[in-house]
Amino acid sequence: MTRLAVRPLPVEGESLTGYLFRLGMLNCVFRPSEIMDVLGVGKSSHVVKGWCQPACDYLFDALETRLERPVRPYLRQFERQDDLPWQRDWTRLIQDVRTGYPRICTQCVAETGILDWRWGLAFTSTCPKHASLLTAECPGCKKALTPSGTLLLGCDKCEMDWAEFEAPMASEMSDLELQLWAQLEQDPSNVDPTVIQDLCRAIVYMMRPFDSLHDTLEAAPRLIEHSAYVARAYRTLQEPEFFAQWRKQCHEKRKDLMPLGEEFLEAPCQLFRDGLLNDWSGPARGSSIPLDSIALGDELSENTRYIAQPRREAAFESGEGVGYRYQLDIASIASIKGWSEEVTEDLVGNGVFPTFKNVAQSKKRRFDANQIIGKLRQFAVQTADGFIEVDADSSAFRRNFANPGMLVNDILKKVIPGGFGEDKFLSRIFVHESRFAKWLLQQRKSATRRSVPLNKVAVALDCTEQDVRRLVEEQKLKWATHREWEKWIDGPSLFEYMICLD
Ligand SMILES: [Zn+2]
Ligand SMILES: [Zn+2]
């Protein structure tokens, strides 16, 4: 094995991959597999996979041997970069925030010849020194950057030298991102994981700004425009006007959903806001800006790279992903309507709405809002002739173990004559007056045919569970004998008692 002609030490803030590329380049070896070969680490299993070289002992041993001096203290920064508490989080929309492809600041590379480890984090967008977006493509030929030592010099496709590249005008950088870069420099282990959680949420939502459903991804997919989307994520968290523009664009892009009620138009923004862990000024103040007082702003672009594999539909992919906007699931409908998931399950029960066929699990059932609208439209009513309008919050539901989801479902199944008011299908529910009372009684009958859990009894009687226990002591109600251990109430005794109340 020949000695390495040049044996550089790592520089503070350099990424391990970047260091290996630099070491290789100085010795005229550029490809990752060749660099590992020169280090004697072996080709087969230890080849740098594209971009992210993990810090590991066998590599450090090899480096110490080939650099011919004790270098462990210099390598420790790579271990720290590789072992940060917030790098992986299974509850986050982007679980692993390390990107698997090169993204650089060409000006920094031209000036320092170093690849900064922070460029490999999915939630950074802009170089704080040059205030320019990190790039995953050559600014000259627009081809994706290759993970190789040539990155330190320029583009290996069009041979542009980074030093010759005239940088675009510096763009504005958000305070939040500036703070994060500083924290990552001083003490990366101390970065607040809830901030990263919210940022990942904002990134995923900005990738699909007009959808109600967003998937959890293991890692950020390779996307040339990644930095631009991340810059938008910072803005939507921090700038009320930007958040308000997003709302306004949702009204425009999702106007087909108007028949379901206005709350469905702004749903992406509302769902985004509901899941945030911190109180950001963008959503907090941007939610109350009147829509007619704001400009539409630049159109937010969307892409389908952030759609999880099991949810992909060939037809949507070819149609630029517009169809994904109309997908809903139980949780999103419940959240948009302010209903519980139980009520929503009742709404969609018995297959009244078609589901997407590639989903087997009932919990993950997905629906197409256009098909829901189509189905409800068959029951559209103009006037309330012979019908009464039922308020979804009516206490009549509660008193009879029923809910608006069940009523809509029974109208669709033609169990009870009814319909829906134009443009507010899920909010304005009409039923035949005389049949409604019968329907409610029928719900109560079927709910009390068997035993009823204590908490449900308390809801129906609008009292506390303690009050229900007292009613049992007073012998107005009975415990369900076979379920005493769980404190269920005997159904028929409850039915009798409720008749006396009416
Ligand atoms: Zn820079
Ligand atoms: Zn190029």
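In short, a report on the structure. Since this is a predicted model, take the numbers as computed values, not measurements.

Observations regarding the overall build of the protein chain
Link 1 in the chain: Broken down by element type, the protein chain carries 21 helices and 12 strands.
Link 2 in the chain: On C-alpha atoms alone, the protein chain measures out to a radius of gyration of 30 Å, which is more than a quarter above the 23 Å that the 2.2 N^0.38 rule sets for 502 residues.
Link 3 in the chain: Projecting the C-alpha coordinates of the protein chain onto the three principal axes gives extents of approximately 95 × 55 × 40 Å.

Focus: helix α13 (residues 330–337)
Link 1 in the chain: Of the positions making up α13, those classed as buried are Ile330, Ser332, Ile333, Ile336 and Lys337.
Link 2 in the chain: Of the surrounding elements, those touching the buried residues of α13 are α10 (267–274), β5 (327–329) and α14 (341–348).

Focus: the sheet that holds strand β8 (residues 387–390)
Link 1 in the chain: Across the sheet, four strands lie side by side as β7-β9-β10-β8; this open sheet has mixed pairing. On the outer flanks of this sheet lie β7 (380–381) and β8, each paired with one strand and no other.
Link 2 in the chain: Across two bridges, β7 lies against strand β9 (residues 418–421) in parallel orientation. The residue bridging Val381 from the neighbouring strand is Gly421, located in β9.
Link 3 in the chain: Packing of helix α17 (residues 404–412) onto the sheet brings it into contact with β8, β9 and β10 (429–432), and relative to β10 it is tilted by some 60 degrees.

Section: unusual backbone geometry
Link 1 in the chain: The phi torsion at Phe401 lies on the positive side, around 55 degrees, for a residue other than glycine.
Link 2 in the chain: Tracing the backbone through its elements, the reader meets Phe401 in the loop between α16 (395–399) and α17.
Link 3 in the chain: Non-glycine residue Lys414 carries a positive phi angle of around 60 degrees.
Link 4 in the chain: Counting through the fold element by element, Lys414 comes out in the loop between α17 and β9.

Side note on the packing of helix α7 (residues 193–207) against helix α8 (residues 226–238)
Link 1 in the chain: α8 packs onto α7 with a crossing angle of 115 degrees between their chain directions and a minimal axis gap of 8 Å. Taken together, the axis directions place α7 and α8 in an arrangement best described as roughly perpendicular. Two packed elements cross with a definite hand, and for α7 against α8 that hand is right-handed. When α7 is examined against α8, the residues Asp198, Leu199, Ala202, Ile203, Met206 and Met207 are found in contact with a partner set consisting of Tyr229, Val230, Arg232, Ala233, Thr236 and Leu237.

Quick look at the environment of Asp462
Link 1 in the chain: The topology assignment puts Asp462 in the loop between α19 (454–461) and α20 (465–473).
Link 2 in the chain: Note: C-alpha distance between Asp462 and Gly319 (143 residues apart in sequence) is 50 Å.

Focus on the nonpolar core
Link 1 in the chain: In terms of nonpolar packing, the biggest core is built from 108 residues, with Ile94, Phe123, Cys200, Ile203 and Ala233 touching the most fellow members.
Link 2 in the chain: For this core, the element with the most residues is α7, which contributes nine residues.
Link 3 in the chain: Ignoring any residue separated from it by four or fewer positions in sequence, one finds Phe123 in contact with Val97, Ile196, Leu199, Cys200, Ile203 and Val230.

Examining the environment of Gln249
Link 1 in the chain: Looking at the secondary structure, you find Gln249 in helix α9 (residues 240–253).
Link 2 in the chain: Look at Gln249 and you get partly exposed, because 19 C-beta atoms sit within 10 Å.
Link 3 in the chain: Considered as a pair, Gln249 and Leu291 are 42 residues apart in the sequence and their alpha carbons are 9.8 Å apart.
Link 4 in the chain: Setting aside anything within four residues of it in sequence, one finds Gln249 in contact with Leu296, Glu299 and Leu300.

Comments concerning the pairing of β10
Link 1 in the chain: Of the strand pairs in this sheet, β8 and β10 are connected by four bridges, and their pairing is antiparallel. Across the sheet, residue Phe387 finds its bridge partner in β10, namely His432.
Link 2 in the chain: Examined bridge by bridge, β9 and β10 share three bridges and lie antiparallel to one another. The partner of Gly419 across the bridge, within β10, is Phe430.

Let's talk about the environment of Val381
Link 1 in the chain: Mapped onto the elements, Val381 comes out in strand β7.
Link 2 in the chain: Non-local contacts of Val381, meaning those with residues more than four positions away in its chain, are made with Phe387, Gly419, Phe420, Gly421 and Phe430.

Here is what the cut-offs are and how they apply
- Counting starts from 1 at the beginning of each chain's written sequence and moves along it residue by residue.
- For this description, chains carry letters from A and ligands carry numbers from 1, given in the order in which they are written.
- Local features in this predicted model are restricted to residues whose pLDDT is 70 or higher, and side-chain atom pairs enter the listing and the counts only when it is 80 or higher, whereas totals over whole chains, interfaces and linings include all residues.
- Per the convention used, a helix needs a DSSP run of H or I reaching at least four residues, while a strand needs a run of E reaching at least two, with both numbered from the N terminus.
- Only C-alpha atoms enter the radius of gyration, while the globule expectation follows 2.2 Å times N to the 0.38, with N the number of residues.
- Counting other C-beta atoms within 10 Å of its own, a residue is labelled buried from 20 upward, exposed at 12 or fewer, and partly exposed in the gap between, with every C-beta atom placed from the backbone.
- A residue pair is marked as a contact if its C-beta atoms, positioned from the backbone, fall within 7 Å.
- Pairing between strands requires that DSSP locate at least two bridges from one strand to the other.
- To define axes, lines are fitted to C-alpha atoms, for helices over the stretch in contact only, and angles between the resulting N-to-C directions are given on a 0 to 180 degree scale.
- Under this scheme an angle from 65 to 115 degrees is roughly perpendicular, one under 35 degrees roughly parallel, and one over 145 degrees roughly antiparallel; angles in between are oblique.
- Left-handed is the label given to a crossing in which the near helix is rotated counterclockwise from the far helix by less than a right angle, and right-handed is the label when the rotation is clockwise.
- Any set of buried Ala, Val, Leu, Ile, Met, Phe, Trp, Tyr and Cys residues joined through C-beta atoms within 7 Å is what this text calls a nonpolar core.

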